[in-house]
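Here is how the chains run, residue by residue.
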Amino acid sequence: MRPLRRPPALPAALALAACLHRAPAAPTPPPAASPAPASPARPDPLAAVRADAEALLAAQGERLWRAWTRGEDGEPASPPPELERLLAPGALAAVEGALGRADGDDRRALELLRAFLIGERMARDTRETWARLAAARARAVLRWDDREVPARQVPALLAAEPDAARRAALERALAEAELRWRPAAEAYRAAVDAAARGLGRASAAALAEDLRAAPVEALAARAEDVLETTQGPYRSLLEDLARRELGLPLARLRGRDLPRLLLLAQDGRAFPAAAAVPRALGTLRHLGLDLAGATLDLEPRAGKDPRPLLLPVAPPGDVRVSAAPAGGAGEARALLRTLGGAAFHRGAAAARLEFRRLGTVNADAFAGLLEELAGDPAWLAEHAGLTPHHLDPIVRAAALRRLHAAREAAARLLLELARAGGRAASPAAAREALARAFARPVDEDEAAAFLAEPHPLLRSADRLASVLLAAQAEDRLERLAGSRWWKEARSGAALAEAFAGGSRLDPEAMARALGAERLGASALAARARARGERAGMRFP
């Protein structure tokens, strides 16, 4: 539903007449000339843009919900009228014109609105090449054990494969299958660049820089900080797990071994399917972040996609979650993340549409904060019912996974910026950069697959920011309420305060609000060390 518009101010002549009507009687004045009729109020173009954006987001959310939970066709027969108006040049021009005169919260809101409009235009202008890329990926198959296997199933096969030589052969087969969709990936990159130039930017990277209101030098410095600050704990955790779980020294570990490594470090008994929903909802209730009023569709049924889905259709009132929880650490993390994101959107009570509905980094950060409870030693000790001997590998693996996510995003960001700056790395240089990020040798097939994934608008910068913010939020809550912060109402009160502003604060400002000097990697490294030490590790 569109927000009610503020009524126009009462015309001055009518307001004066109302005051005179209530005043004591006075001598009748001489006749006066009739006042000129008031000019009609001009429509506010920004109010119209905001109303159309809110209506479009709600409609898109409703369609996706029906498609996800009921198996219905989620594509409209024709573009919604709100979308057509938002894609018209006048909508973006109105926002950019106002942005040039704005500051403070007004400027932040307009930056988010501009990013939304540009995102919709980029989606329209690259729709065909993106569809071809998606279709090419879906068709990518490899021959394995005398049958055809979709490429998307390879990580699960690698995790289940105990033989190192067969994992290497599987990676080689995957690399050959991926060659078939790489031309489509390059075509998509070219389409994004062309669409960015159509918006007056020199390239997709220049547009990405503009949308984040952050120079690429600052983004690159953040990525370098992550690689430098987390190097020690990441290498120690990786070396420890490789030796314990696979019996491999770090020099022999490869990317194809990671799915197996992380799987072996999990204990399925810690994450039974029946406990997933009660644990997650109970944790939120301890924090005072009850999801009463949200739509929670948590039962499996025919036609429903079982993967967790969070849809802020019209937050904070209409927030929806769909899931069909199964057992395992991955499922537990995904459910905690989804419900944590729902709590964020339920608490985002900012009056401005932009702060309630637009921007993703803050929502992803606090969703990630809840997700990481699945690797928290105290949370696991209370919920899993296992001895420390069985829980310690889970804690170490979760700490490694968290650092790996940050380092992977940092590496992707740096390589994408090098490509955008005309310094496209040679395969050898790319392997060297990835070996630095992953603290182990990187084979040609792994590097080629990493480089082929298109990220021309620097989505990895947002992923990196959210991981860093989640660690800073955890650090703040542990200092406030102790190692069991997730059981303390004061932690919930601090989270509710952070949620209330939605996307009002950009990542740097949110980091400062959490008590950090800046958005950096020191909290992430410290959290990994602390968890590893609780799980019996010794760091140099």
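Below: a short report on this structure. Note that this is a predicted model, so its numbers are computed, not measured. (Residues numbered from 1 in each chain as written. Predicted model: local features only at pLDDT ≥ 70, side-chain atom pairs only at ≥ 80, totals over all residues. Heavy atoms only, no water.)

Counting 104 residues, the largest nonpolar core has Phe 366 and Leu 464 as its most contacted members. It is helix H19 (residues 388–420) that provides the largest number of residues to this core, a total of 15 residues. Counting 50 residues, the second largest nonpolar core, distinct from the first, contains Ala 173, Val 192, Ala 195 and Leu 353. (Core = buried A, V, L, I, M, F, W, Y, C linked by side-chain atoms within 4.5 Å. Buried < 20%, exposed > 50% of the residue type's maximum accessible area, 1.4 Å probe, protein only. Helix = DSSP H or I, 4+ residues; strand = E, 2+ residues; numbered from the N terminus.)

This brings us to the packing of H19 against helix H25 (residues 522–534). The N-to-C vectors of H19 and H25 enclose an angle of 165°; their axes lie 8 Å apart at closest approach. With respect to H25, the axis of H19 lies roughly antiparallel. Of the two elements, H19 crosses H25, and the hand of that crossing is left-handed. Along the contact surface, H19 presents Asp 392, Val 395, Ala 399, Arg 402, Leu 403 and Ala 406, while H25 presents Leu 524, Arg 527, Ala 528, Arg 531 and Arg 534. Across the contact of H19 with H25, the residue classes tally to 6 nonpolar, no polar and 5 charged. (Axes fitted to C-alpha atoms, helices over the stretch in contact; angles between N-to-C directions. Parallel < 35°, antiparallel > 145°, perpendicular 65-115°, else oblique. Left-handed = near helix turned anticlockwise from the far one by under 90°. Contact = heavy atoms within 4.5 Å. Nonpolar A, V, L, I, M, F, W, Y, C, P; charged D, E, K, R; others polar.)

With mixed pairing, the 3 strands of this open sheet are ordered in space as E3-E5-E4. At either margin of the open sheet sits one strand with a lone partner, and together these are strand E3 (295–297) and strand E4 (309–314). Along the sheet, successive strands turn relative to each other by an average axial angle of 15°, direction set aside. (Pairing = 2+ DSSP bridges.)

Take helix H10 (residues 204–212) next. Of the positions making up H10, those classed as buried are Ala 204, Ala 205, Leu 207 and Ala 208. All buried residues of H10 project into a common sector of 160° when viewed along the axis, lining one side. Structurally, H10 contributes buried residues whose contacts are with helix H5 (104–125), helix H9 (182–198) and H19. Immediately beyond the C-terminal end of H10, within one or two residues, lies Ala 213, with a positive phi of roughly 50°. (Arc of directions from axis to C-beta.)

A few words now on the pairing of strand E5 (residues 318–322). Most of E5 is tucked away: 4 of the 5 residues are buried. Two elements, E4 and E5, share 5 bridges in a ladder whose sense is antiparallel. Paired with Leu 311 across the two strands is Arg 320, which belongs to E5. Between E4 and E5, which pair antiparallel one after the other, the connecting turn spans 3 residues.

Burial along strand E1 (residues 141–144) is one-sided: Leu 142 and Trp 144 are buried, while Val 141 and Arg 143, pointing the other way, are not. Pairing geometry for E1 and strand E2 (residues 147–150), over 4 bridges, is antiparallel. Bridge pairing in E2 places Leu 142 opposite Val 149. Counting the residues between successive antiparallel strands, the hairpin from E1 to E2 contains 2 residues, one of them, Asp 145, with a positive phi of roughly 55°.

Right, let's get into the side chain of Glu 171. One can find Glu 171 in helix H8 (residues 164–178). Aside from chain neighbours lying at most four places away, what touches Glu 171 is Arg 256, Asp 443, Asp 445 and Glu 446.

Counting along an α-helix, one turn takes 3.6 residues, and residues three or four places apart therefore face a common direction. Taking 1.5 Å of rise per residue, 17 residues should cover 24 Å, and H9 covers 24 Å from first to last C-alpha, within 8% of that figure. Within the sequence span of H9, burial applies to Arg 182, Ala 184, Ala 185, Tyr 188, Arg 189, Ala 191, Val 192, Ala 195 and Ala 196. Its buried side turned inward, H9 meets H5, helix H6 (127–139), H8, H10, H19 and helix H21 (444–452). Looking one or two places after H9, you find Gly 200, whose phi comes out positive at around 90°. (Expected span 1.5 Å × (residues − 1).)

Note that the residue after Pro 315, namely Pro 316, is joined by a cis bond; omega there is 5°. Structurally, the position occupied by Pro 316 is in the loop between E4 and E5. Unlike most non-glycine residues, Ala 213 shows phi in positive territory, near 50°. Looking at the secondary structure, you find Ala 213 in the loop between H10 and helix H11 (216–229). Positive phi, close to 60°, is recorded for Ala 439, a residue that is not glycine.

This paragraph deals with the packing of helix H17 (residues 361–371) against helix H22 (residues 459–481). In the contact formed by H17 and H22, the axes pass within 8 Å of each other and the chain directions differ by 50°. Relative to H22, H17 is oriented oblique. Two packed elements cross with a definite hand, and for H17 against H22 that hand is right-handed. Between H17 and H22, the residues in contact are Val 361, Asn 362, Asp 364, Ala 365, Phe 366, Gly 368 and Leu 369 and Asp 462, Ala 465, Ser 466, Leu 469, Ala 470, Ala 473, Glu 474 and Leu 477, respectively. Taken together, the residues of the contact of H17 with H22 break down into 9 nonpolar, 3 polar and 3 charged.

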